[in-house]
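Structural overview for review
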Amino acid sequence: CNQSTIKDDIDLIRDGQTDKHYYSIEADSVRAVDHFGYSWDIPVSISSLIYTNGAPQEFGGWFTSFSVEYLEDDTWKTVENFRTTPAMNLDNTQWLKPAFMDYTITFPTVTTKGNRISGLSGGIEKDAANAHLGHQHYTSISELRVFPD
């Protein structure tokens, strides 16, 4: 996982608290797909998640695409027909990006040893006053909860 400017411990996404968040900021500004999820020693049947985003910043900290994946025979597969409530704003702008929003994600039951959310990180070009900071793409996450079927 990537480094965080808020907290270096990715374990905060499973601590039950939504007042802290993790940024996937990298030293370079390459736009990347971020993954956040869990794995288990034995198969688990699941059909819903709650993803709580963190606090998007002025120039980044959001997803521009989003999928749910599960592990099948050591290969990540995309969950088909998942539903997200409320709908996520996946455009690559800083406008209308809520902070610490719970997104309930439901899908047909899968039995798996791992699941994750995945998506392309977002970020925009900085204004003239902040251009010296460089262009960064990253996501923000506060919590990811998984619910058995």
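Residues numbered from 1 in each chain as written. Predicted model: local features only at pLDDT ≥ 70, side-chain atom pairs only at ≥ 80, totals over all residues. Heavy atoms only, no water.

**Considering the pairing of strand β5 (residues 75–78)**
Sheet topology note: the strand β4 (residues 67–72)/β5 ladder contains four bridges and is antiparallel. Within the sheet, the bridge partner assigned to Glu69 lies in β5 and is Thr78. The hairpin turn running from β4 into β5, its antiparallel successor, is two residues long, and Asp73 in that turn takes a positive phi close to 50 degrees. (Pairing = 2+ DSSP bridges. Helix = DSSP H or I, 4+ residues; strand = E, 2+ residues; numbered from the N terminus.)

**A look at the pattern of salt bridges**
Within the structure shown, the criterion is met by five salt bridges. Salt-bridge contacts for Arg14 lead to Asp11; the nearest nitrogen and oxygen are separated by 3.4 Å. Owing to a relative accessible area of 55%, Arg14 belongs among the exposed residues under this scheme. Close ionic contact of Asp102 with Arg145 constitutes a salt bridge, the shortest N to O distance being 3.1 Å. Of this pair, Asp102 sits in strand β7 (residues 102–123) while Arg145 sits in strand β8 (residues 140–148), placing them 43 residues apart in sequence. (Salt bridge = Lys/Arg side-chain N within 4 Å of Asp/Glu carboxyl O. Buried < 20%, exposed > 50% of the residue type's maximum accessible area, 1.4 Å probe, protein only.)

**As for the pairing of strand β2 (residues 33–53)**
Examined bridge by bridge, β2 and β7 share 15 bridges and lie antiparallel to one another. Bridge pairing links Leu49 to Ile105 in β7.

**So, the packing of aromatic side chains**
Inspection of every chain in the model, using the stated rule, returns seven aromatic pairs. Where Tyr51 meets Tyr103, the ring centres are 5.9 Å apart and the plane angle is 20 degrees; that geometry is what we call stacked. Within this pair, whereas Tyr51 is found in strand β2, its partner Tyr103 is found in strand β7, the two being separated by 52 residues in sequence. Judged by centre distance (5.5 Å) and plane angle (80 degrees), the ring pair of Phe63 and Phe66 falls under edge-to-face. Accessibility classification places Phe63 together with Phe66 in one group, the buried group. Grouped by ring-pair contacts, the aromatic residues Tyr51, Phe63, Phe66, Phe82 and Tyr103 constitute a single cluster. (Phe/Tyr/Trp six-rings, centres within 6.5 Å; stacked < 30°, edge-to-face > 60°.)

**What to know about the side chain of Arg116**
Looking at where Arg116 falls in the secondary structure, it is placed in strand β7. Judged by relative accessible area, Arg116 falls into the buried class, the value being 16%. Here the side chain of Arg116 touches His35 through a polar contact of 3.4 Å, side chain to side chain. Within the structure, Arg116 has its side chain in polar contact with the side chain of Glu69 (distance 2.4 Å). Once residues within four sequence positions are removed from consideration, Arg116 is found in contact with His35, Phe36, Gly37, Ser67, Val68, Glu69 and Trp76. (Polar contact = N/O pair within 3.5 Å; in protein donor to acceptor, adjacent residues only side chain to side chain. Contact = heavy atoms within 4.5 Å.)

**What about unusual backbone geometry?**
Put simply, Thr85 and Pro86 share a cis peptide bond, and its omega is -5 degrees. Among the structural elements, Pro86 can be located in the loop between β6 (83–85) and β7. In this structure, Asp74 is a non-glycine residue whose phi angle is positive, near 65 degrees. One can find Asp74 in the loop between β4 and β5. Take Asp74: its relative accessible area is 75%, and that puts it in the exposed class. With a phi close to 60 degrees, Asn81 is a non-glycine residue in the positive phi region.

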